[in-house]
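# A closer look at the structure
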Amino acid sequence: MWKLTRFSASSLRSRLFSTAIPAPCMVHKRGADILHDPWFNKDTGFPLTERDRLGLRGLLPPRIISFQDQYDRFMNSYRSLEKNTHGQSDKVVSLSKWRILNRLHDRNETLYYRALIDNIKEFAPIIYTPTVGLVCQNYCGLFRRPRGMYFSAKDKGEMMSMIYNWPAPQVDMIVLTDGSRILGLGDLGVQGIGIPIGKLDMYVAAAGINPQKILPVMLDVGTNNQKLLDDRLYLGVRQPRLEGEEYLAIVDEFMEAVHARWPKAIVQFEDFQMKWAFETLKRYRQRFCMFNDDIQGTAGVALAGLLGTVRAQGRPLSDFVKQKIVIVGAGSAGLGVLNMAVQAVSRMSGCSQTEAKSQFYLIDKDGLITTERSNLDPAAVPFARNPRDLEGLAEGASIIEVVKKVKPHVLLGLSGVGGVFNEQVLKAMRESVSTKPAIFAMSNPTMNAECTAIDAFNHAGESIVFASGSPFENVDLGNGRVGYVNQANNMYLFPGIGLGSLLSGARHITDGMLQAASECLASYMTEEDIKKGILYPCIDSIRNVTADVGAAVLRAAVAEGLAEGHGVVGSKELEHMSKDDTVEYVRRNMWYPEYSPLVHEK
Ligand SMILES: NC(=O)c1ccc[n+]([C@@H]2O[C@H](COP(=O)([O-])OP(=O)(O)OC[C@H]3O[C@@H](n4cnc5c(N)ncnc54)[C@H](O)[C@@H]3O)[C@@H](O)[C@H]2O)c1
Ligand SMILES: O=C(O)C[C@H](O)C(=O)O
Ligand SMILES: [Mg+2]
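Think of each chain on its own: its residues are numbered from 1, step by step along the sequence as written. A letter from A marks each chain and a number from 1 marks each ligand, given out in the order of writing. Reporting of local features is limited, given that this is a predicted model, to residues whose pLDDT is at least 70; pairs of side-chain atoms are given and counted only at 80 or more, and all residues count toward the totals for whole chains, interfaces and linings. Calculation of side-chain values draws on the structure's entire complement of heavy atoms; hydrogens and water are dropped beforehand.

## What to know about the site of ligand 2
Being near a molecule or strand, for a residue, comes down to having at least one heavy atom within 4 Å of it. By nearness alone, every residue bordering ligand 2 is listed as Tyr128, Thr129, Arg181, Leu183, Lys199, Glu270, Asp271, Asp293, Asp294, Asn444, Asn489 and Asn490. Identification of polar contacts relies on pairs of N or O atoms within 3.5 Å, with a donor-acceptor requirement for protein atoms, meaning one able to donate a hydrogen and the other able to accept it, and with residues adjacent in sequence counted only if both atoms are side-chain atoms. Between ligand 2 and the protein, one listed contact pairs an oxygen atom with a side-chain N or O atom of Asn489 at 2.9 Å. Surface accessibility in these figures is a Shrake-Rupley result with a 1.4 Å probe; residues are shielded only by whichever protein chains are displayed. In isolation ligand 2 offers 260 Å² of accessible surface; the protein chains occlude 92% of this area. Of the residues belonging to the shell around ligand 2, the class tally is 2 nonpolar, 4 polar and 6 charged. Side-chain classes are defined by residue name, with Ala, Val, Leu, Ile, Met, Phe, Trp, Tyr, Cys and Pro counting as nonpolar, Asp, Glu, Lys and Arg as charged, and the others, Gly among them, as polar.

Dropping the structure here:
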């Protein structure tokens, strides 16, 4: 029987955290096959002993180049490329940068991830949002080597065996898309595979998931994008999207196949059109360890930013319950944010969720959503306002009408429509009841942002707090003053949600675990930063943020009695960890790119 006193705190710590000598990595290949496998390849960095052991002698030039020299060489070619493309269009420059990074990714993952981690602020906008959007749009032309797995409408009945085609014995993190709503770019069909790849790159960089244990997946159920269907070089299935039961049967089969091979893998649903985003979340969240990043990850990041905004106004957090918030966009992301924010208000004020809804105004493409709206999506119904409570605002009122009447503390966009916060709307925010109103232009990529940072500070005034989903430069307000730009992007949470859930060994991801993630992010910033309008940590510290978020998620799973443990660390050991121990435990489980000795295993 387990005894609670079995380990003293220090022996528990040494059992869990003993510093290990770099673990050897087992490889089933030899010779040239290793050089062509980016998981194991070290290019000119193979030491002589390894060249002998693995049959590499003579297959490489004789000089052995250190990891540091390889790294410097790559960064030098990256810097030359920057110089050589100077003056060319943003699109050309971004795609050239993506190509050079992608070539390294395809050749030597250890070096690639080290470069990514060390230069995350500079490289995230290339391998992730916004450039990843451009890459998806041009995927068929850019495609060289496959990455991840493709399950198509034509694979029905085959997935249970297909899943065994994946070469890695263990997969911990899967990001899955059906390509139906790629960022704000719409239906990109099979080309959407760039999104799971980019998200998983962030998992490796931020959460330290071993790249041999990640799997990007495209569920190609067709596309309704006529341009792609007509394109001779389109690489996906050339048929209209499956709908209804036919569609669900494909997703069901995929989920069963994954679960059969890797029962503990976490599946992140990404960029599904709204109807399937909500439907699949409801369908799978109790059965599998999964979450929908656009609904749940986004909500946690937005809520952390909204709470930061209250602090930035110099008000106590409890004042959140009095903030008037206008949300533009009633899709998977907007409704996810609204749902979590309403729950937070209700929890903080002790009022019912119905009462909590009265401070929120929801707008979609047809204007303000009220109970008079017909054909409203069921997910939006609970947030429709009764026109009687709206002091003259009618069903379908425009953004400008709502902003002028409500004078909100916060205007938050998740509409996918570039520029909807136009000059008129931004100027109307000057009449906000808040002395420090907040503008969140969260849609991606950059072209789809509801407004630019410069326009926001120019038109809405210099006292605003500003956040966007895609990165913008800080704004120079003159006389040494800076208008801070925050990146309100779910990248601050999804890696920690995935990592914490994985290490907890929970069988599903609860609202409590997601709330813990959001609260952890919300409490991250110092009062000094918040007062300047800085709501989120710098992306340079994303690994630290992710360790803390992961630990918060893990502790929430323990508190709910859901943590079954991971690997050799069981539920009891997790229960006995202090808060600091948990953070340390999470950190110790983060993979870091360095060459480990390769050992051939037959
Ligand atoms: N920053 C982040 O972390 C983050 C996270 C998730 C989604 N997003 C972005 O949010 C956007 C929306 O994503 P989604 O999944 O909710 O999409 P969606 O298609 O489910 O929803 C879009 C919503 O916007 C509304 N809309 C469209 N045109 C409008 C207009 N002119 N005025 C007002 N509302 C309008 C639609 O009616 C719909 O309710 C995308 O650009 C996506 O990239 C950002
Ligand atoms: O991918 C991103 O940058 C955030 C978000 O998941 C989105 O769909 O826009
Ligand atoms: Mg997304």
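From this point, things continue past the structure.
## Brief notes about the pairing of strand β10 (residues 410-413)
Every second residue of β10 is oriented toward a common face, with Val410 and Leu412 on one face and Leu411 and Gly413 on the other, all of them buried. Between any two strands, pairing holds if DSSP finds at least two bridges. Each helix corresponds to a stretch of at least 4 residues labelled H or I by DSSP, and each strand to a stretch of at least 2 residues labelled E; elements are numbered beginning at the N terminus. As paired elements, strand β7 (residues 325-328) and β10 share 4 bridges and run parallel to each other. Considered in β10, the bridge of Ile325 is made with Val410. Relative to strand β11 (residues 438-441), β10 is paired through 4 bridges, and the arrangement is parallel. Paired with Leu411 across the two strands is Ile439, which belongs to β11. For crossovers, right-handed means that the path from the first strand over the helix to the second runs clockwise, given strands pointing away from the viewer. Taken together, β10, helix α19 (residues 423-428) and β11 form a β-α-β motif whose crossover is right-handed. Here the term buried applies to any residue with accessible area under 20% of the maximum for its type, exposed to any over 50%, and partly exposed to those in between, with areas from a 1.4 Å probe on protein chains only.

## Here we look at the site of ligand 1
Near ligand 1, the surroundings consist of 26 residues, among which Arg181, Ala330, Ser332, Ala488 and Asn490 are the closest. Between ligand 1 and the protein, one listed contact pairs an oxygen atom with a backbone N or O atom of Ala330 at 2.9 Å. In the model, an oxygen atom of ligand 1 is placed 3.2 Å from a nitrogen or oxygen of the Asn444 main chain. Looking at side-chain class alone, the shell around ligand 1 contains 10 nonpolar, 12 polar and 4 charged residues.

## Comments concerning the nonpolar core
Remark: nonpolar core denotes a set of buried residues (Ala, Val, Leu, Ile, Met, Phe, Trp, Tyr, Cys) joined through side-chain atoms within 4.5 Å. If you look at the biggest cluster of nonpolar residues, it comprises 123 residues, and the most contacted ones within it are Met202, Tyr203, Phe320, Leu412, Phe440 and Tyr536. The dominant element in this core, judged by the number of residues it contributes, is helix α24 (residues 542-559), at 10 residues. Residues count as neighbours in contact if any of their non-hydrogen atoms are within 4.5 Å of one another. The contacts of Tyr203, once residues within four sequence positions are left out, are Met173, Val175, Gly208, Ile209, Gln268, Phe291, Phe494, Pro495, Gly498 and Leu499. Listed in part, the 47 residues of the second largest apolar core include Cys25, Val27, Ala153 and Met255.

## Side note on the coordination of the magnesium ion (ligand 3)
For the magnesium ion (ligand 3), the full set of protein donor atoms is Glu270 (OE), Asp271 (OD) and Asp294 (OD), and the range of their distances to it is 2.0 to 2.1 Å. Sites may look incomplete, because water is not among the atoms used; the donor set itself consists of N, O and S atoms within 2.8 Å of the metal (3.2 Å for Na, K and Ca). When the donors of the magnesium ion (ligand 3) are listed by position in the chain, the intervening gaps give E-D-x22-D. A residue pair is termed long-range when its members are at least 10 positions apart, and Glu270 in the loop between β5 (266-269) and α14 (274-284) and Asp294 in helix α15 (residues 293-312) qualify at 24 residues. On the basis of relative accessible area, Glu270 is assigned to the buried category, the value being 1%. Its relative accessible area of 6% is what places Asp294 among the buried residues.

## A closer look at unusual backbone geometry
Generally, phi is negative for residues other than glycine and the peptide bonds are trans, each holding for most cases. Note the cis peptide between Thr129 and Pro130, where omega equals 10°. In this structure, Pro130 sits in the loop between α7 (120-127) and α8 (131-137). A cis geometry characterises the amide bond from Asn444 onward to Pro445, with omega recorded as -10°. Its identity as a non-glycine residue notwithstanding, Asp43 has a phi of 50°, on the positive side. Along the chain, Asp43 falls in the loop between α2 (32-35) and α3 (48-53). Given the relative accessible area of 17%, Asp43 is considered buried.

## Focus on the side chain of Asp252
As for its placement among the helices and strands, Asp252 is situated in helix α13 (residues 244-261). The contact partners of Asp252, leaving out residues within four places of it in the chain, are Arg283 and Tyr284.

## What about the packing of helix α22 (residues 511-522) against α24?
For any two helices packed against each other, the geometry is given by the interaxial angle and the distance between the axes. To get an axis, a line is fitted to the C-alpha atoms, and for a helix only the part in contact is used. The angle between two axes follows their N-to-C directions and goes from 0 to 180 degrees. Put simply, α22 and α24 touch, their axes get as near as 8 Å, and they point 145° apart. Here the hand of the crossing between α22 and α24 comes out right-handed. Between α22 and α24, the residues in contact are Gly512, Met513, Ala516, Ala517, Cys520 and Leu521 and Val545, Asp548, Val549, Ala552, Val553, Ala556 and Ala557, respectively. Each residue belonging to the contact of α22 with α24 can be placed in one class, and the counts come to 11 nonpolar, 1 polar and 1 charged. Working rule for handedness: look at the near helix, and if it is turned counterclockwise from the far one by less than a right angle, call the crossing left-handed; if clockwise, right-handed.

## Some thoughts on α14
Among all positions in α14, only Met274, Trp276, Ala277, Thr280, Leu281 and Tyr284 are buried. If you follow the buried residues of α14, they end up packed against α13, β5, β6 (290-292), α15 and α16 (332-349).

## Brief notes about the environment of Arg588
Within the element layout of this structure, Arg588 appears in helix α26 (residues 579-588). Spatially, the C-alpha atom of Arg588 lies 9.6 Å from that of Gly208, the residues being 380 residues apart in sequence.

## Comments concerning the confidence of the model for the protein
What pLDDT expresses is the predictor's confidence in each residue, scored from 0 to 100. In this model, the protein carries a mean pLDDT of 95, and residues with pLDDT of at least 70 account for 97%. Ignoring residues within four places in sequence, the model shows residues 1-11, a span with pLDDT below 50, making 8 contacts including any to other chains. Under the prediction, the complex receives an ipTM of 0.99, its pTM being 0.96.

## Things to note about the sheet that holds β6
Either a parallel or an antiparallel arrangement is found when strands of a sheet pair, and the pairing is made through backbone hydrogen bonds. Strand order in the open sheet made by the 5 strands is β2-β4-β3-β5-β6, with parallel pairing throughout. One side of each edge strand has no neighbouring strand; the edge strands of this open sheet are β2 (149-152) and β6. Adjacent strand axes in the sheet meet at a mean angle of 20° when their direction is disregarded. Pairing geometry for strand β3 (residues 173-177) and β5, over 4 bridges, is parallel. From the neighbouring strand, Ile174 faces β5, where its bridge partner is Val267. Contacts from α15 reach β5 and β6 within the one sheet, and its direction differs from that of β6 by about 75°. Across the sheet, helix α21 (residues 494-504) touches β3, β5 and β6, and the angle it forms with β5 is around 155°.

## Observations regarding the sheet that holds β10
Across the sheet, which stays open at both edges, the 7 strands sit in the order β9-β8-β7-β10-β11-β12-β15 with mixed pairing between neighbours. In this open sheet, the two strands that pair with only one neighbour each are β9 (367-368) and β15 (485-487). Across the face of the sheet, α16 comes into contact with β7, β8 (360-364) and β10 while running at roughly 175° to β8. Along the sheet, helix α18 (residues 399-406) contacts β7, β8, β9 and β10; its crossing angle with β8, the most-contacted strand, is approximately 165°.

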